[in-house]
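Notes for the structure review
Take a look at the letters that make up each chain.
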Number of protein chains: 2
Amino acid sequence: MVLDERKRYILESIIKDYVETAEPVGSRSIVRKHGLNISAATVRNEMADLEDMGYLEQPHTSAGRIPSEMGFRYYVDCMMEKESLTDEEVEILGKKLQESIREWNDVAQGIGDFLSQVSNYASFIIIPSIKYSHFKYLHLVPIQEGQALVLVVTDVGLIMHRRIDIPRGISPEDLQAISEVFNRVCKGKKIMELRRSELQILRDDLKKRQQVIDRALEAVDNLLDNTADEKVLISGALNILKEPEFKDLDKLKRILTLLEEDGLFKGIIPDNISQDVDILIGKENQSEDIQEMSLVFTGYRTAGEMGKMGLIGPIRMEYWKAAGTLDSVRTIIEDLLHNRF
Amino acid sequence: MVLDERKRYILESIIKDYVETAEPVGSRSIVRKHGLNISAATVRNEMADLEDMGYLEQPHTSAGRIPSEMGFRYYVDCMMEKESLTDEEVEILGKKLQESIREWNDVAQGIGDFLSQVSNYASFIIIPSIKYSHFKYLHLVPIQEGQALVLVVTDVGLIMHRRIDIPRGISPEDLQAISEVFNRVCKGKKIMELRRSELQILRDDLKKRQQVIDRALEAVDNLLDNTADEKVLISGALNILKEPEFKDLDKLKRILTLLEEDGLFKGIIPDNISQDVDILIGKENQSEDIQEMSLVFTGYRTAGEMGKMGLIGPIRMEYWKAAGTLDSVRTIIEDLLHNRF
DNA sequence: ATTAGCACTCAATCGATGTGAGTGCTAACA
DNA sequence: TGTTAGCACTCACATCGATTGAGTGCTAAT
């Protein structure tokens, strides 16, 4: 559907005003605020047209208009210009990342915090499952008599550990030797292939140290069970308290619960995701739970796998800023991942 | 102040009713619900007395009475019987703990979750700073050419790690040797004494491996900076959404923010804390931010240090259940800590 | 095609009124 | 002297109608 210049301008004005104030926008206030040299009556006619076409709606007869979800969709598809991070904001993020040169988990948390602070919406960032990353290194470290640490390192530099009990009398050299066997067998395998059953071969190989290997295998199993899933980090959930549309306690409760309970959240993010910024407005969301919210999200590439991140806000959302921010942040962190890890 | 039997019974009735319903309690409903064989008028006289003494108050002239903070205090001090966990609940906790035989951090999180679920209030659990625990073991583990892992183990079994860059040409044997020097010098020191300046001695000792030691020292510094403070875990913050006293959005926002932002929370928990269950009701709290809430908390002993945990709810709180729960959980986790770590 | 003018709509606000749960006081009673 | 029935009084809360005002749609003039 093609709109003429003036209709586009009016639609945009209404969207900007409505996003800012959360109030229906009237014809008078448009001419006043946006310096049009046509009369309110003309605007009214145009608005009536836009409503017929489905881009606007009226809460009730004597109120102004608000953009419909379709109106937002049109704006996002045909008119929006993404607003990237300012230099200042980029600098802030840079500093934040420099402070935490630590594990990627921490970095991700930092990025999530940044996203929610700069946008004033709730942010999420999903770290891809380690299942598909590659095993690099296993080390058995003696901790004290009777205990050792199983240390697993992956190719993206993720480090996981578990403590195990070992029989007395196993020397550090024994542990070293066992580690070496592990590494020989597992080199380059995918993490998800380190399953116990497939490593039984080791056990048969080295009868004598059977018990240590058994324990180590258990630890690896355990690590996989507990960390293999993708990880969801939410930041700034309380930002939604700022939005007037959630002054209703029940709504608020539903949404906060959705954001706080790990399990619930995963369901609302689409599976197939690209490196473009994608937008789902209100009922466009598959999951009913967030059909009164909008989702702006993108994928980021990390060592072969695809992570996801995005922002969650009201339908009346600053899509231009949200989309621009995500664009900027994605390129920044992909650079970072490429250079640092 | 001593109250006669009947006044005590009436006070208790009012507290139980008010905690349950959050509504002012009238004289009629007391005789009705609690099967007293005196008339409402008599109860009214008693209530007037209790109000004069400060144990009750009236929101307005024509409403029923609600317990004052002083009334709750009297109840807690002189009448309350703690209600321990049921056998069922103990079993649930046991199962939960068995599932997570992992790090103490995870166990603590599990306990926090349990507390908030079983009580329907927000829970907190504070893991004491590792500053005062003792260094047990340091290990430098080669990860790949040019990188090593600094592994620090404390006497309570906490394991921390940081990755460092090392010059090419350092062999695993070199790392082993350096580790041994570290361990010799640091054995039995408190973690907070592992500060860089005090370990310079190492550096002078081994000119040749200077750079590795430098990096390792940096890593240790870094670990201390980032993990040395006590750690606060909050669970079930959203439980406060259930309480009618927080239907006011502003209040709600203040309190949720307090619970979600790490820094803010520490200020509201008293410093000196014993292994008894302690209760702070409303304005008894030092911190203004939670003077419209109550705090029920206790200390737990872990390897020499004192951790803290507790529940946060409205003034109209089920103190008996909260206090009993904390009592039970404390003994359970002290057993656990004693046996397992 | 645009605009001024005007009647119309309807949410929101305000005030008056009624209702009811609960109290305090008094006088009678055991 | 403690207890109780009776009754007038208070006050939050709900309900109803009137008023207000921002905004619309329609019509007729430009």
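Throughout what follows, the structure given in this document is the object of discussion. Please read these numbers as outputs of a predicted model, since none were measured by experiment.

Cut-offs and rules
- Residues numbered from 1 in each chain as written.
- Chains lettered and ligands numbered in written order.
- Predicted model: local features only at pLDDT ≥ 70, side-chain atom pairs only at ≥ 80, totals over all residues.
- Heavy atoms only, no water.
- Least-squares fit on C-alpha atoms with pLDDT ≥ 70 in both.
- Contact = heavy atoms within 4.5 Å.
- Buried area = accessible area lost by both parts, 1.4 Å probe.
- Polar contact = N/O pair within 3.5 Å; in protein donor to acceptor, adjacent residues only side chain to side chain.
- Helix = DSSP H or I, 4+ residues; strand = E, 2+ residues; numbered from the N terminus.
- Nonpolar A, V, L, I, M, F, W, Y, C, P; charged D, E, K, R; others polar.
- Expected span 1.5 Å × (residues − 1).
- Buried < 20%, exposed > 50% of the residue type's maximum accessible area, 1.4 Å probe, protein only.
- Near = heavy atom within 4 Å.

**Examining the relation of the copies chain A and chain B**
Both copies of the chain are tied together by a single rotation about an axis and a shift running along it. For these two chains of identical sequence, chain A goes onto chain B by a turn of 180 degrees and a shift of 0.1 Å along the axis, with RMSD 0.1 Å. The relationship between the two copies is best expressed as a two-fold rotation axis. Of the interface residues in chain A, 100% have counterparts in chain B that sit at the interface too, so the contact is made through matching surfaces.

**Observations regarding the interface of chain A and chain B**
Each partner contributes residues to the interface: chain A has 29 residues there, and chain B has 29 residues. Of the roughly 2800 Å² buried where chain A meets chain B, counting both sides, 65% is carbon and sulfur surface. Between the two partners, chain A and chain B, sit zero residue pairs in polar contact (both at pLDDT 80 or more). Every element with two or more residues in the side of chain A that touches chain B is listed here: strand S4 (135–144), strand S5 (147–154), strand S6 (159–165), helix H9 (210–227) and helix H10 (249–260) of chain A. Of all the elements, S4(A) adds the most residues to the side of chain A that touches chain B, at seven residues. Considering only residue class, the side of chain A that touches chain B consists of 13 nonpolar, seven polar and nine charged.

**Brief notes about helix H7 (residues 172–186) of chain B**
All names here are of chain B. Its 15 residues give H7 an end-to-end C-alpha distance of 21 Å, which sits within 8% of 21 Å, the value for a rise of 1.5 Å per residue. For H7, the complete set of buried residues consists of Asp174, Leu175, Ile178, Ser179, Val181, Phe182, Asn183 and Cys186. After H7 finishes, the residue Gly188 shows a positive phi value of roughly 80 degrees.

**What about the protein's contact with DNA strand C?**
The environment of DNA strand C is formed by 20 residues, the closest being Arg6(A), Thr42(A), Ser62(A), Ser27(B) and Arg65(B). Counting only atoms of DNA strand C within 4 Å of the protein, the fraction found in sugar and phosphate groups is 79%. With respect to DNA strand C, the side chain of Ser62(A) contributes an N or O atom lying 3.1 Å from a sugar or linking oxygen. Elements with a minimum of two residues in the surface near DNA strand C: helix H3 (40–53) of chain A together with helix H3 (40–53) of chain B. With four residues, H3(A) is the largest single contributor of residues to the surface near DNA strand C.

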